[in-house]
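Tertiary structure, described
Letter by letter, the chains look like this.
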Amino acid sequence: MPRPARYSSAQHDAFAQAFDRDSLVVLRDHLPLEKLAAWREAFEPLLAAQIAREKDDPNRGAQRFYVSLPFAAPFCDPDFFEDEDILAIVERVAGPQPVMCQLASDTPLKGSDYQAWHADTPALFPGVHGNDTPSFQLAVNFPLCDVTDDNGPFETTLGTHRMDRHDAMEGLANGSIAQHRYKMKLGDVMIRDVRAIHRGTPNRTDEPRPMVVIGYSRRWLFRPEVSIRVPASQWQQLSPRAQQLLRFNPVVPDEQAANGDVESYRAFAF
Ligand SMILES: O=C(O)CCC(=O)C(=O)O
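Throughout what follows, the structure given in this document is the object of discussion. Quantities reported herein were computed from a predicted structural model and do not represent experimental measurements.

Thoughts on the environment of Asp206
- Examined against the element boundaries, Asp206 turns out to sit in the loop between strand 8 (198-199) and strand 9 (211-217).
- A C-alpha to C-alpha distance of 9.4 Å links Asp206 and Gly111, two positions 95 residues apart in sequence.
- Polar contacts involving the side chain of Asp206 include one to the side chain of Lys110, which spans 2.9 Å.

Here's what the structure looks like:
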């Protein structure tokens, strides 16, 4: 059973309203610190393996690594992916019965640079002017360390999730759309619409800055470029709600469950 909600239904409504306006909300001091320490420890060897695999060709820019996380302890914890407050906000902004489609991380190291401004998904109807639909693809992001000015804070724009991409880029270029930088503490969570124009920034420290991403899609959206391989033994133990969240993902024999390099998520900027 996940932890009980910290916020009331009226507060969830207020978060959802702010999200619709801005493209994101941040829940401060939300996640359990001791569990995040276990995530960080389990993450280190996965990052090292990904760096060894990709070192000459990182797919998100210099010294910036995307690492899929296996659906195994400590990462398969309902206190994270079935968090009552996060799901309440996700369901308000992306509709009922969302799909959990991604469990991964983005980590800039020293030597990383500013990414080009981008969205993480193409428009729902490419070629049609405008983008003003309700949300259909969300990222829940939380860091495995404090995020400061020095180690690669996320920069984004507010309101561009519902704007035509060309108009948003023009506004950024001419200064009519402001850039916002998000420093985060360990335990903070950001829920964001991946259509908003954003970028990663350089990590100038010697320590990696891992940022977890749990992806949730509107109930009819299937994203073949990401997936979570759910070990059969884990599937049996999941709550009915967790099974519903994970319904579009492959359930595989336990020994085939390590995500490793199976995700083909190399195109990331639209
Ligand atoms: O890690 C970050 O701060 C953002 C990364 C990002 O936007 C991406 O790789 O698509």
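With respect to empty space enclosed by the protein
- Here the structure, examined in full by the defined rule, presents two cavities of 30 Å³ or more.
- In this structure, the largest cavity spans a volume of roughly 330 Å³.
- Taken together, 25 residues make up the lining of the largest cavity; nearest its centre are Asp106, Asp120, Phe154, Arg192 and His198.
- Secondary-structure elements contributing two or more residues to the lining of the largest cavity are strand 2 (64-68), strand 3 (99-108), strand 4 (137-143), strand 7 (189-193) and strand 9.
- With four residues, strand 4 is the single largest residue contributor to the lining of the largest cavity.
- Quantified by volume, the second largest cavity comes out at close to 50 Å³.

A word on the site of the ligand
- Taken together, 11 residues lie near the ligand, and Arg60, Gln115, His118, His198 and Arg209 sit nearest.
- At 3.4 Å from an oxygen atom of the ligand is found a side-chain nitrogen or oxygen belonging to Asp120.
- His198 is positioned with one of its side-chain polar atoms (N or O) 3.1 Å from an oxygen atom of the ligand.
- Coverage of the ligand by the protein amounts to 97% of the 290 Å² it exposes when considered alone.
- A majority-of-atoms criterion places the ligand in the largest cavity.
- When its residues are assigned to classes, the shell around the ligand shows two nonpolar, four polar and five charged.

Digging into a nonpolar patch on the surface
- There is a patch of nonpolar side chains on the surface, built from Leu124, Phe125, Val128 and Trp220 and spanning about 430 Å² of accessible area.
- Looking at the secondary structure, you find Leu124 in the loop between strand 3 and strand 4.

Quick notes on helix 2 (residues 33-54)
- In this model helix 2 runs 30 Å from its N-terminal to its C-terminal C-alpha over 22 residues, within 8% of the 32 Å that 1.5 Å per residue would give.
- Along helix 2, the sharpest change in direction is near 30° and occurs at Phe43; proline Pro45 comes one to four residues later.
- All buried positions along helix 2 are accounted for by Leu36, Trp39, Arg40, Phe43, Leu47, Gln50 and Glu54.
- For helix 2, the secondary structure elements touched by its buried residues are strand 2, helix 3 (78-81), strand 3, strand 4 and strand 9.

With respect to the nonpolar core
- Counting 45 residues, the largest nonpolar core has Phe71, Phe81, Met100, Phe142 and Ile214 as its most contacted members.
- Setting aside anything within four residues of it in sequence, one finds Ile214 in contact with Phe80, Phe81, Met100, Gln102, Leu103, Leu138, Ala139, Val140 and Phe142.

Quick notes on the pattern of salt bridges
- On inspection of all chains with the given rule, the structure shows 21 salt bridges.
- We note a salt bridge from Asp77 to Lys35, for which the minimum N-O separation is 2.7 Å. In this pair, Asp77 sits in the loop between strand 2 and helix 3 while Lys35 sits in helix 2, placing the two residues 42 residues apart along the sequence.
- With a relative accessible area of 14%, Asp77 lands in the buried category.
- Under the relative-accessibility criterion, Lys35 is labelled partly exposed at 28%.
- Taking the shortest distance from any N to any O, the salt bridge between Glu84 and Arg241 comes out at 3.1 Å. With Glu84 in helix 4 (residues 84-94) and Arg241 in helix 7 (residues 240-245), this pair connects stretches of sequence that are 157 residues apart.
- Looking at Glu84, the relative accessible area reads 27%, which means it is partly exposed.
- Taken together, the shared-partner salt bridges connect Asp149, Glu155, Arg181, Lys183 and Arg199 into one network.

Rules behind the numbers
Residues numbered from 1 in each chain as written. Predicted model: local features only at pLDDT ≥ 70, side-chain atom pairs only at ≥ 80, totals over all residues. Heavy atoms only, no water. Helix = DSSP H or I, 4+ residues; strand = E, 2+ residues; numbered from the N terminus. Polar contact = N/O pair within 3.5 Å; in protein donor to acceptor, adjacent residues only side chain to side chain. 1 Å grid on protein atoms, 1.4 Å probe; cavity = no way out; pocket = protein on both sides within 12 Å on 5 of 7 lines; lining within 4 Å. Points joined across faces, edges and corners; volume = space filled by probe spheres on them. Near = heavy atom within 4 Å. Areas by Shrake-Rupley, 256 points an atom, 1.4 Å probe, with all protein chains shown as cover. Sits in = over half its atoms within 2 Å of the grid points. Nonpolar A, V, L, I, M, F, W, Y, C, P; charged D, E, K, R; others polar. Patch = residues over 30% accessible without salt bridge, like charges linked within 9 Å, V, L, I, M, F, W, Y side chains within 5 Å. Salt bridge = Lys/Arg side-chain N within 4 Å of Asp/Glu carboxyl O. Expected span 1.5 Å × (residues − 1). Bend = angle between axes of the 7 residues up to and from the residue. Buried < 20%, exposed > 50% of the residue type's maximum accessible area, 1.4 Å probe, protein only. Contact = heavy atoms within 4.5 Å. Core = buried A, V, L, I, M, F, W, Y, C linked by side-chain atoms within 4.5 Å.

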